[in-house]
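Structural features, examined
What follows is the residue order along each chain.
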Amino acid sequence: MNPLLLIPGTSPQDRGAVVDAFAQARAAAAAPDPIGAALAAADAWAGDLPLPGSSATALRWSALAAIGAADLTVARAAEPHLDARAILAEALTGGAGSPNPASPSPTGIDVDAGTAARWAVYAAEAPGLRVEAAQGADGAWSLTGTKPWCSLADRASAALITAAYPDGRRGLFAVDLGQPGVTVGDASAWQPHGLAAITTAEVRLDSAPALPVGGPGWYLERPGFAWGGVGVAAIWYGGAVAIAERAFRHFSGREPDQVAALHAGRLDLVLRAARAALGEAAAAADTPADDGSEARGTWALRARSAVAQAADEVIALADHAMGPAPLALDREHLTRVSDLRLYVRQHHAERDVAALGRALIAARRDPAATTGSTGADAPRAAADGQRAEAGGR
């Protein structure tokens, strides 16, 4: 079975969609402008892939895994657009109180999920940097402040940006990045060893017109917040699968000894466990929130932590199994290892595992308080980190 398919019994049509996503990502990676090609592909994927929680979440995450296996830079460029489109769809269909998409937007952006804008999501926080929302006498909103860790701000045309409402609650706003009042900072300080093409800089906002999306508090409280973070983990998983496949090609080129057999077995076990965690989370995403299951945030923390741990272990196992030669002579493998090592650091390692533990302990103490809920409070610090590190979002 294709290891990128997260659940057994996938239909031929769905298998074909995953294979197509892989091929399209490979084509984007080979284009003269891989970032531009990735953003163009992302718009098509956003229209083709099911939304999280729409009864086909496993297909969405399998496709994301396939894109990650094909090329992590393409995946990293495309994923924020896919996430933003899913957020907009959730806001417009989930009773979040967003304006009618047919109404004029103060930013000139049509927030309908069908827009062709190249979207980003900027929700990172950093000490000393803050974005505040203000409402004018005419009822229109604007944003002022500096948002850190804004990836591909020079390529995106619009962004969903978190900011503080006047009462301190966190909100989400749609912003036209090409309008006056928006300045993209210098990205020269961004000197990554991996994901080198994903430029990252600060975005400065000076009374920039913005459109509220979902109302105060909605961004963190909505069901899709947890599942968006697991979608990123599916990409990590795809990258780990590709690294493991390179190791298996190495094994097949010679008669394996006991150590090679050990490495092969451990790679299989590690990836199977990560794949199972993603599959379980996909099933939870498609299950009604009031069915007595665990909080969505708990499922997300578990899946992300399982995949992050697997990615770290796969990189180490591949290094041990193959030695230095692929890291020195195989540019595609070296690039993939460097990209995944940086990308997976969006996970906060032990801190996120501790957040999972706190959520599990809290659920044992008071099951009614967390069952079926978003579960945002217990893992919120870790959840915020989904948007904060390794180039932000």
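Up top is the structure these notes are about.
What comes next concerns the included structure. Computed from a predicted model, the values in this text were never measured in an experiment.

**Things to note about the side chain of histidine 250**
- Inspection of the secondary structure assignment puts histidine 250 in helix α6 (residues 224–252).
- Residue histidine 250 is classed as buried on the basis of its relative accessible area of 16%.
- When residues no more than four places from it in sequence are discounted, the contact partners of histidine 250 are Ala321 and Met322.

**Examining unusual backbone geometry**
- Its identity is not glycine, yet serine 55 carries a phi of approximately 80 degrees, on the positive side.
- On the secondary structure map, serine 55 appears in the loop between α2 (34–48) and α3 (57–70).
- Exposure remark for serine 55: the relative accessible area of 63% places this residue in the exposed category.
- Residues other than glycine seldom take positive phi values, yet leucine 195 does so here, at roughly 50 degrees.
- Checked against the element boundaries, leucine 195 lands in the loop between β6 (182–184) and β7 (200–212).

**A word on the environment of proline 166**
- With respect to the helices, strands and loops of the structure, proline 166 is situated in the loop between β4 (158–164) and β5 (170–176).
- Sequence-wise, proline 166 and glutamine 135 are 31 residues apart; in three dimensions their C-alpha atoms are separated by 8.7 Å.
- In this structure, proline 166 is in contact with Ala133 and Trp141, ignoring residues within four places of it in sequence.

**Considerations on the nonpolar core**
- Counting residues in hydrophobic clusters, the biggest one holds 78 residues, and the most contacted among them are Trp45, Trp61, Trp227, Trp236 and Tyr237.
- Where this core is concerned, the elements lending two or more residues are α1 (12–29), α2, α3, α4 (72–93), α6, α7 (258–285), α8 (296–322) and α10 (331–343).
- The dominant element in this core, judged by the number of residues it contributes, is α6, at 16 residues.
- Not counting residues up to four positions away in its chain, the partners in contact with tryptophan 45 are Ala21, Gln24, Ala25, Ala38, Ile67, Val74, Ala78 and Leu82.
- Core analysis: the second largest hydrophobic core is formed by 21 residues, Ala120, Trp141, Tyr165 and Leu205 among them.

**Brief notes about the packing of aromatic side chains**
- Taken as a whole, this structure holds eight aromatic pairs when the rule is applied.
- With centroids separated by 6.0 Å and ring planes inclined at 50 degrees, the aromatic side chains of tryptophan 141 and phenylalanine 173 adopt a geometry described as tilted. Taken together, the positions of tryptophan 141 in strand β3 (residues 141–151) and phenylalanine 173 in strand β5 put the pair 32 residues apart, joining distant regions of the chain. In this pair, the class of tryptophan 141 matches that of phenylalanine 173, namely buried.
- Seen from their ring centres, tryptophan 236 and tyrosine 343 are 6.5 Å apart, and the 80 degrees between their planes marks the pair as edge-to-face. One end of the pair, tryptophan 236, is in helix α6; the other, tyrosine 343, is in helix α10, with 107 residues separating them in the sequence.
- Overall, the relative accessible area of 0% leaves tyrosine 343 in the buried class.
- Following the ring pairs from residue to residue traces out a cluster consisting of Trp141, Tyr165 and Phe173.
- Here the guanidinium or amino end of arginine 222 rests over the ring plane of tryptophan 218, the centre of that ring lying 5.5 Å away.
- In this structure, arginine 302 packs its charged tip against the face of tryptophan 299, placed 5.1 Å from the ring centre.

**Examining the packing of α1 against α3**
- One way to put it is that α1 packs onto α3 with a least axis distance of 8 Å and a crossing angle of 30 degrees. Taken as axis vectors, α1 and α3 run roughly parallel relative to one another. Crossing of α1 over α3 shows right-handed handedness. Residues Asp14, Ala17, Val18, Ala21, Phe22, Ala25 and Arg26 of α1 touch α3, and the partners they reach there are Leu59, Ser62, Ala63, Ala66, Ile67, Ala69 and Ala70.
- Residue composition of the contact of α1 with α3, grouped by class: eleven nonpolar, one polar and two charged.

Definitions and limits used
Residues numbered from 1 in each chain as written. Predicted model: local features only at pLDDT ≥ 70, side-chain atom pairs only at ≥ 80, totals over all residues. Heavy atoms only, no water. Helix = DSSP H or I, 4+ residues; strand = E, 2+ residues; numbered from the N terminus. Buried < 20%, exposed > 50% of the residue type's maximum accessible area, 1.4 Å probe, protein only. Contact = heavy atoms within 4.5 Å. Core = buried A, V, L, I, M, F, W, Y, C linked by side-chain atoms within 4.5 Å. Phe/Tyr/Trp six-rings, centres within 6.5 Å; stacked < 30°, edge-to-face > 60°. Lys NZ or Arg CZ within 6 Å of the ring centre and 35° of its normal. Axes fitted to C-alpha atoms, helices over the stretch in contact; angles between N-to-C directions. Parallel < 35°, antiparallel > 145°, perpendicular 65-115°, else oblique. Left-handed = near helix turned anticlockwise from the far one by under 90°. Nonpolar A, V, L, I, M, F, W, Y, C, P; charged D, E, K, R; others polar.

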